[in-house]
Amino acid sequence: MKINTSKLESPYFAAIDLGSNSFHMLIARVQDDQVEVVDRVKEMVQLARGISAEGMLDIEAQSRALNCLTRFSERLRDIPRHQIRAVGTKSLRTAREPSFFLKQAELALGVPIQVISGYEEARLVYIGLAHTVANDNNSRLVIDIGGGSTEVIIGLDDEPKLLESLPIGCVTYTENFKSEKERFTRDSFQQAYFTACTELETIRKNYLQAGWNIAYATSGTARVIADLVQHRDGGALINKDSIEWLAEAIFASKSSLKDLPSLRRSVLPAGLAIMKAVFDQLLLETIHVGDAALKEGLLFDNIGRLSDDDSRAKTVVKLQQRYGVDTVQAERVVKTALTLWHQVQGPELPGVSRTKILTWAGALHEIGMSISHSSHHHHGFYILRNSDLGGFGRYEQYILANLIRAQRKGMYAAKFAEIDAQSMEALLPLVICLRLAVLLNRSREDLTMLPQLKVNERHYQLIFQNRWLQDHPLTSDGLQREAEYFTQIGLTLDFE
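Residues numbered from 1 in each chain as written. Predicted model: local features only at pLDDT ≥ 70, side-chain atom pairs only at ≥ 80, totals over all residues. Heavy atoms only, no water.

**Q** Quick question: what am I supposed to make of the overall build of the protein chain here?
**A** Along its length, the protein chain carries 18 helices and 14 strands. Relative to the compact-globule value of 23 Å for 496 residues, the protein chain shows a C-alpha radius of gyration of 25 Å, a close match. Overall, the protein chain is about 90 × 45 × 45 Å in size when its C-alpha atoms are taken along their principal axes. For the protein chain, buried positions account for 55% of its 496 residues. Taking as baseline every contact in the protein chain between residues at least 6 positions apart, the subset at least 24 positions apart corresponds to 69%. For the protein chain, the accessible surface area stands at approximately 22,500 Å², while carbon and sulfur atoms represent 47% of it. (Helix = DSSP H or I, 4+ residues; strand = E, 2+ residues; numbered from the N terminus. Rg over C-alpha atoms; globule rule 2.2 N^0.38 Å. Buried < 20%, exposed > 50% of the residue type's maximum accessible area, 1.4 Å probe, protein only. Contact = heavy atoms within 4.5 Å. Areas by Shrake-Rupley, 256 points an atom, 1.4 Å probe, with all protein chains shown as cover.)

Here you go:
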């Protein structure tokens, strides 16, 4: 990765992984295209243990999480906010009404927190592993057993090819299968094992058909298992017969896990049951233990965003190709939207680069055209809201999808129901610039001039030169209708 350090405010980057079992913080220094990890912090918060059957996050789990993030925040004070990235995974994906907790968490940490999809979690896990092993043109299987989910990926060198996130986790399985006496017994182990096998069966055929040359396991469960069977396998590998041996040893003698921290000790049997299911369903005999996972992937992905390797830009190009987007027209709309946007002053949109999100919205504004011409904005919204978009957090994806939906016709505030009032004020100028850019490029020909845009609170004014508007009556008529749409959300539009 080529890194332009001259553009960095600081050589330091941070990645924070709010996992279902543990919260991780990684601090790295970038120098001469090299990334050196200078600090690691890990706390077993066990967020998944605090989620009720109804999906609500209990007060104790919230308190553990907020106290942890407050401690993390001290280490982040001197690092620029855009060089810090924090993500939430399975527990925050599935929790009901997590917005109140997330706002408190962001205040405690001091930076925005993105909740990412299972697909994105799997992608980041693979990127983390790929940056710490040699690229040898061998296909890799990567397994990451977490507290609430297990990611299964096949990739080649730096590129993940097949990605899945399954609802299999050492914390959730511990809670789901423990006995009435709050213990994880042999029967609990068998129930967890068979349930994990059932989940893995849904992907087994595709993964075995794809095949791989070498298998890796990452994260805490794999590392602890490797340490416990080190006298058998050496510490860098886990063999199938060692899984069987360890499972028997755990239940034969309570002293087998006596040196582990209590929180890790409580969830390891469930994690071991999942690992056994992985070995059996994917026909593994040996698996290598990797030293990097999601947090490292998050770090490298964020560094890439400030270089020429932004994974989100690659995702946008793939979407254009997949849905046959007219890229020449998209470039016209992007150029016009950015020209207008650069004339606007407005509040920040927390956790989102407004210039980048507007660029990608312009690039994808016709993504739904192959489905329906008249309702392409609605189909574009559905595609972007429900697709797995590599590099995008759920909030970014929500913003992008709604910009596409709001590009034409009614401008009702209900389209942005999940956005608070402050963020909506930051988003409105992006909506306006995209809508005007789409309208002005209706002829699908290069514009000979672009208007000046003036904004005074909730009043927008377009100023054209050299009687351009008089020579384009269809555009003038379109702007008149646009002015009527503006009134739906309390804005006014003049043009001359």
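And the narrative resumes.
**Q** Explain the packing of aromatic side chains here, please?
**A** Ring pairs (aromatic) are described by centroid distance and by the angle formed between their planes. Applying the stated rule across the entire model yields six aromatic pairs. Each ring, one from Trp-360 and one from Phe-392, has its centre 5.3 Å from the other, and the planes form 75°; the classification is edge-to-face. A residue pair is termed long-range when its members are at least 10 positions apart, and Trp-360 in helix α14 (residues 354-363) and Phe-392 in the loop between α15 (376-386) and α16 (394-405) qualify at 32 residues. Between Tyr-460 and Phe-486, the ring centres sit 6.0 Å apart and the planes meet at 85°, which makes this aromatic pair edge-to-face. Separated by 26 residues along the polypeptide, Tyr-460 in strand β13 (residues 459-463) and Phe-486 in helix α18 (residues 473-486) bring together distant segments of the chain. We classify Tyr-460 as buried; its relative accessible area is 4%. The ring of Tyr-193 carries the charged tip of Lys-276 above its face, separated from the ring centre by 4.9 Å. (Phe/Tyr/Trp six-rings, centres within 6.5 Å; stacked < 30°, edge-to-face > 60°. Lys NZ or Arg CZ within 6 Å of the ring centre and 35° of its normal.)

**Q** Just to check I follow, could you spell out the sheet that holds strand β10 (residues 237-239) for this structure?
**A** Sheets are built from strands that pair by backbone hydrogen bonding, the pairs being arranged parallel or antiparallel. Taken in spatial order, the six strands line up as β8-β7-β6-β9-β11-β10 in an open sheet, and their pairing is mixed. The two strands at the open ends of the sheet, each matched to only one other strand, are β8 (159-166) and β10. Between one strand axis and the next, the sheet turns through 25° on average, direction left out of account. Alignment of strand β6 (residues 139-145) against strand β9 (residues 214-218), held across five bridges, turns out to be parallel. Within β9, the residue paired with Asp-144 across the bridge is Thr-218. Each of β6, β7 (150-156), β9, β10 and β11 (286-289) touches helix α10 (residues 262-281); the most contacted strand, β6, lies at about 155° to it. (Pairing = 2+ DSSP bridges. Axes fitted to C-alpha atoms, helices over the stretch in contact; angles between N-to-C directions.)

**Q** Just to check I follow, could you spell out the side chain of Arg-85 for this structure?
**A** Inspection of the secondary structure puts Arg-85 in strand β4 (residues 84-88). A distance of 3.1 Å separates polar atoms of two side chains, one belonging to Arg-85 and the other to Gln-114. The contacts of Arg-85, once residues within four sequence positions are left out, are Ala-14, Ala-15, Ile-16, Gln-114, Glu-120, Leu-298, Asp-301, Asn-302, Arg-305 and Gly-391. (Polar contact = N/O pair within 3.5 Å; in protein donor to acceptor, adjacent residues only side chain to side chain.)

**Q** What's the story with α16 in this structure? I'm lost.
**A** At 3.6 residues per turn, the α-helix brings residues three or four places apart onto the same side. Between its first and last C-alpha, α16 extends 16 Å over twelve residues, near the 16 Å set by a 1.5 Å rise per residue. Across the twelve residues that make up α16, a large majority, ten, are buried. Residues of α16 that are buried include every one of Glu-396, Gln-397, Tyr-398, Ile-399, Leu-400, Ala-401, Asn-402, Leu-403, Ile-404 and Arg-405, and no others. Tucked into the core, α16 has its buried residues touching β5 (113-115), α11 (294-305), α12 (311-322), α14, α15 and α17 (421-440). (Expected span 1.5 Å × (residues − 1).)

**Q** Just to check I follow, could you spell out the pattern of salt bridges for this structure?
**A** Pairing is possible between side chains that carry opposite charge, provided their charged atoms lie close to one another. A complete count under the given rule lists 30 salt bridges for this structure. Asp-301 is the salt-bridge partner of Arg-123, the closest N and O atoms lying 3.2 Å from each other. Within this pair, whereas Arg-123 is found in helix α4 (residues 118-130), its partner Asp-301 is found in helix α11, the two being separated by 178 residues in sequence. Relative accessible area serves as the criterion here: at 8%, Arg-123 is assigned to the buried category. Between Asp-310 and Arg-312 there is a salt bridge whose closest N-O contact spans 2.9 Å. Exposure class is identical for Asp-310 and Arg-312. Each is buried. (Salt bridge = Lys/Arg side-chain N within 4 Å of Asp/Glu carboxyl O.)

**Q** What is the right way to read the nonpolar core from this model?
**A** Most often, soluble globular proteins keep nonpolar side chains buried together rather than apart. Among the nonpolar cores identified, the biggest contains 62 residues, and Ile-357, Leu-384, Leu-400, Leu-403 and Leu-427 are the most heavily contacted of them. Counting residues per element, the ones that place at least two in this core are α12, α13 (327-341), α14, α15, α16, α17, β13 and α18. Top contributing element to this core by residue count: α17, with 14 residues. If you look at the next biggest cluster of nonpolar residues, it comprises 46 residues, including Leu-200, Ile-203, Val-229 and Leu-272. (Core = buried A, V, L, I, M, F, W, Y, C linked by side-chain atoms within 4.5 Å.)

**Q** Help me out: how do you make sense of the packing of helix α5 (residues 170-177) against α10 in this one?
**A** Geometrically, a packed helix pair is captured by the angle between its two axes and the distance between the axes. The interhelical angle for the contact between α5 and α10, taken along N-to-C directions, is 105°, at an axis separation of 8 Å. Considering their axes alone, α5 and α10 lie roughly perpendicular with respect to each other. Where α5 abuts α10, its residues Cys-170, Val-171, Tyr-173 and Thr-174 lie against Ser-266, Val-267, Ala-270, Gly-271 and Ile-274. When its residues are assigned to classes, the contact of α5 with α10 shows six nonpolar, three polar and no charged. (Parallel < 35°, antiparallel > 145°, perpendicular 65-115°, else oblique. Nonpolar A, V, L, I, M, F, W, Y, C, P; charged D, E, K, R; others polar.)

**Q** Which parts of the structure should I look at to understand the sheet that holds β13?
**A** The sheet built from three strands is open, its strands ordered β12-β13-β14 with mixed pairing. Of all the strands in the sheet, just β12 (452-456) and β14 (492-495) have a single pairing partner and so form its edges. Looking at each pair of strands side by side, their axes are set apart by 20° on average, direction ignored. Of the strand pairs in this sheet, β13 and β14 are connected by four bridges, and their pairing is parallel. Among the inter-strand pairings, Gln-461 is bridged to a residue of β14, identified as Asp-494. Sitting on the sheet, α18 is in contact with β13 and β14, with an inclination near 160° to β14.

**Q** Help me understand the pairing of β8 in this model?
**A** A regular strand places its side chains so that they alternate between the two faces of the sheet. The pairing of β7 with β8 spans seven bridges and is classified as antiparallel. Bridge assignment links Gly-155 to a residue of β8, and that residue is Pro-160.

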